[in-house]
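# Per-entry structural report
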Amino acid sequence: MEHTQYTKEEPDSGDVTNGHFDGMVKRPGGGRAAQAPGAESGAQRAQSSVMENWRGERTRSVEDNEMSLPSLAAAYTTILRGLGEDPQRQGLLKTPWRAATAMQFFTKGYQEKIIDVLNDAIFDEDHDEMVIVKDIDMFSMCEHHLVPIFGKVHIGYLPNKRVLGLSKLARIVEIYSRRLQVQERLTKQIAVAITEALQPTGVGVVIEATHMCMVMRGVQKMNSKTITSTMLGVFREDPKTRDEFLTLIRS
Amino acid sequence: MENHQVSELNSNVVDKILNKDHCKEEKDSNDTAVKLANMQKAYATILTGLGENVDREGLMRTPLRAAKAMQFLTKGYEETAQAILNDAVFDENHEEMVIVKDIDLFSLCEHHLVPFFGKAHVAYLPNKKVVGLSKLARIVEIFSRRLQVQERLTKQIAEAISEVLEPAGVAVVIEASHMCMVMRGVQKMNASTVTSVVLGQFRDDHKCREEFLHLIRN
């Protein structure tokens, strides 16, 4: 499998990647939030675009959700009409609100920061053998068709004197998967987040998922699965480590 | 002079009739285009409301793709069982159970606009009329590609077959997984919803029903 080099990428100017806004946070109501404390300079911007919202501001808050709910519901009413349905019939009466709330739930990863989840659960431990958490159920939304993606995530890392609470690996998966995603990017974001949090000797992330956009529409292949992986550090350099990881997640 | 005027009048009338049909087609396709444009705008609003940036590369054409995907997922509204079935009904001296099972089914929950999917098992007891087997799967498609509730979907499939074929009995069982329950809400990964509708002999004769249920389990 090809593994792209992990380097700190140069950001595109004015780039937005997966909900991370360079500098200003856009509020749905049209107002603009205050700039993040310690406003980013060019060099910091290079770092932060790689680390996504590891340290940056949340791009959405609970208040934002409440404020944008009416316009989301109105949009869903338009969609129902566009499909030829009658939004006034009993079964559809509250659907715009339910669909809008559901969509906000499916993208709640935008409201969360890694730093909130991980801060308390990094422990110093004299352990340098592989730690694997596998078969983590993952649900995401395809950013191209707004249709669900679901599957399993397998994470392995080699600690370097610091270990992470095990459920936190699953929480990292939740934060990045509950967004509009592309499976390749999701895999990389999870791997990079663990690397930044723990500075381990190596990290491996494998995701196998089914894309409803391929199953329910388009090419309509029921049984197809997409598998992506990101290997960093010793998982990339040492084939034996990688093999061990891949064997352990298969069993 | 008069004849010429009359024939002109006739050709005008004929033209008007032809144009009227042509206009209706144009109007329909304009309607579709307008609806698609409105849905696109709605999806762009949704993306912005969720805190995303519609101008980033991955999302630039998403409103159009999502609108088209939604249209595909609800294409059942434009189809009727009569239109699909009527050509493929054959007279056959067969009265034993016919089952088509494990028909993959994909639908949209009308409450949350989130997919649910699973398998449909359809059986009927012919009354001198049999139907092309793929048509049973097509009926499932017509009714499932809509905003649905699983109970209603099951019933609609059973009733459609019943109306067109007038068989001695119809049975439909659907087992599906609802993403609205798996991905959100109560979040139960492995829960499966099973609904069934039995009509005619399948309802009255419990041995007949048992045979059907047994055959779809294997």
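Going along each chain's sequence as written, the residues are numbered from 1 onward. Following the order in which they are written, the chains are lettered starting with A and the ligands numbered starting with 1. Owing to the predicted nature of the model, reporting of local features is limited to residues with pLDDT of at least 70; listing and counting of side-chain atom pairs is limited to 80 or more, with chain, interface and lining totals taken over all residues. The basis for every side-chain value is the complete set of non-hydrogen atoms in the structure, without hydrogens or water.

Only DSSP runs of H or I covering at least 4 residues are called helices, and only runs of E covering at least 2 are called strands; the numbering of each starts at the N terminus. Each helix and strand counted, chain B has 8 helices and 7 strands in total. Of all 218 residues assigned to chain B, the portion counted as buried reaches 44%. Only heavy atoms matter for contacts: two residues are in contact if any of them lie within 4.5 Å across the pair. Across chain B, every contact between residues at least 6 apart in sequence was considered, and the portion connecting residues at least 24 apart equals 69%. Accessible areas in this description were obtained via Shrake-Rupley with a 1.4 Å probe; residue shielding takes into account the shown protein chains only. Per element, the accessible surface of chain B, about 11700 Å² overall, is 51% carbon and sulfur. Each residue gets one of three labels from its accessible area relative to the maximum for its type: buried under 20%, exposed over 50%, partly exposed in between, using a 1.4 Å probe on protein chains only.

Our next topic: the side chain of Thr77(A). Residue and element names in this part refer to chain A. Among the structural elements, Thr 77 can be located in helix H2 (residues 62-82). On the basis of relative accessible area, Thr 77 is assigned to the buried category, the value being 17%. Residues contacting Thr 77, with those up to four places away along its chain left out, are Pro 87 and Pro 96.

Every contact between the two is made by 45 residues of chain B and, on the other side, 53 residues of chain A. Summed over both partners, the accessible surface that disappears when two parts come together, traced with a 1.4 Å probe, is what is meant by buried area. Interface area for chain B against chain A, summed over the two sides, is near 4300 Å², with a carbon-plus-sulfur share of 72%. Area buried by chain B at its contact with chain A is led by Leu50(B), Arg56(B) and Met183(B), which between them contribute 17% of it. Between Lys or Arg on one side and Asp or Glu on the other, a salt bridge is scored when a side-chain nitrogen of the former is within 4 Å of a carboxyl oxygen of the latter. For Arg56(B), the salt bridge is made with Glu143(A), and the minimal N-O distance between the two is 2.8 Å. Mapped onto the side of chain B that touches chain A, the elements with two or more residues apiece are helix H1 (2-49), helix H2 (62-73), strand S2 (98-109), strand S3 (115-125) and helix H6 (179-182) of chain B.

The subject of this paragraph is the sheet that holds strand S5 (residues 148-158) of chain A. All names here are of chain A. By this definition, two strands are paired if DSSP reports at least two bridges between them. Read across the sheet, 5 strands follow the order S7-S4-S5-S8-S9 without closing on themselves; strand pairing throughout is mixed. Looking along the sheet, the strands with just one partner apiece sit at the ends: strand S7 (180-181) and strand S9 (226-233). The pairing of strand S4 (residues 131-142) with S5 spans 9 bridges and is antiparallel. Of the residues in S5, the one forming a bridge with Phe 139 is Phe 150.

Another aspect to go through is the confidence of the model for chain A. All names here are of chain A. Known as pLDDT, the predictor's per-residue confidence is scaled from 0 to 100. Per-residue confidence for chain A gives a mean pLDDT of 82; residues scoring 70 or more make up 77%. Low pLDDT, under 50, characterises residues 1-16; the stretch is placed with 30 contacts to residues that sit more than four places away or in other chains. Across residues 19-53, confidence stays below pLDDT 50; counting only partners more than four residues off in sequence or on other chains, it has 67 contacts.

Residue and element names in this part refer to chain A. Simply put, an axis is a line fit to the C-alpha atoms, just over the touching stretch for a helix, and the angle between two N-to-C directions goes from 0 to 180 degrees. Between helix H5 (residues 166-177) and helix H6 (residues 183-198), whose axes approach to 10 Å, the crossing angle comes to 135°. One finds that H5 runs oblique with respect to H6. As H5 runs across H6, the sense of the crossing is right-handed. Of the residues in H6, those touching H5 at Leu 169, Ile 172, Val 173, Tyr 176 and Ser 177 are Leu 186, Gln 189, Ile 190, Ala 193 and Ile 194. Any angle that falls under 35 degrees is termed roughly parallel, while one over 145 is termed roughly antiparallel, one within 65 to 115 roughly perpendicular, and all others oblique. Should the near helix be turned anticlockwise from the far one by less than a right angle, the crossing is termed left-handed; should it be turned clockwise, right-handed.

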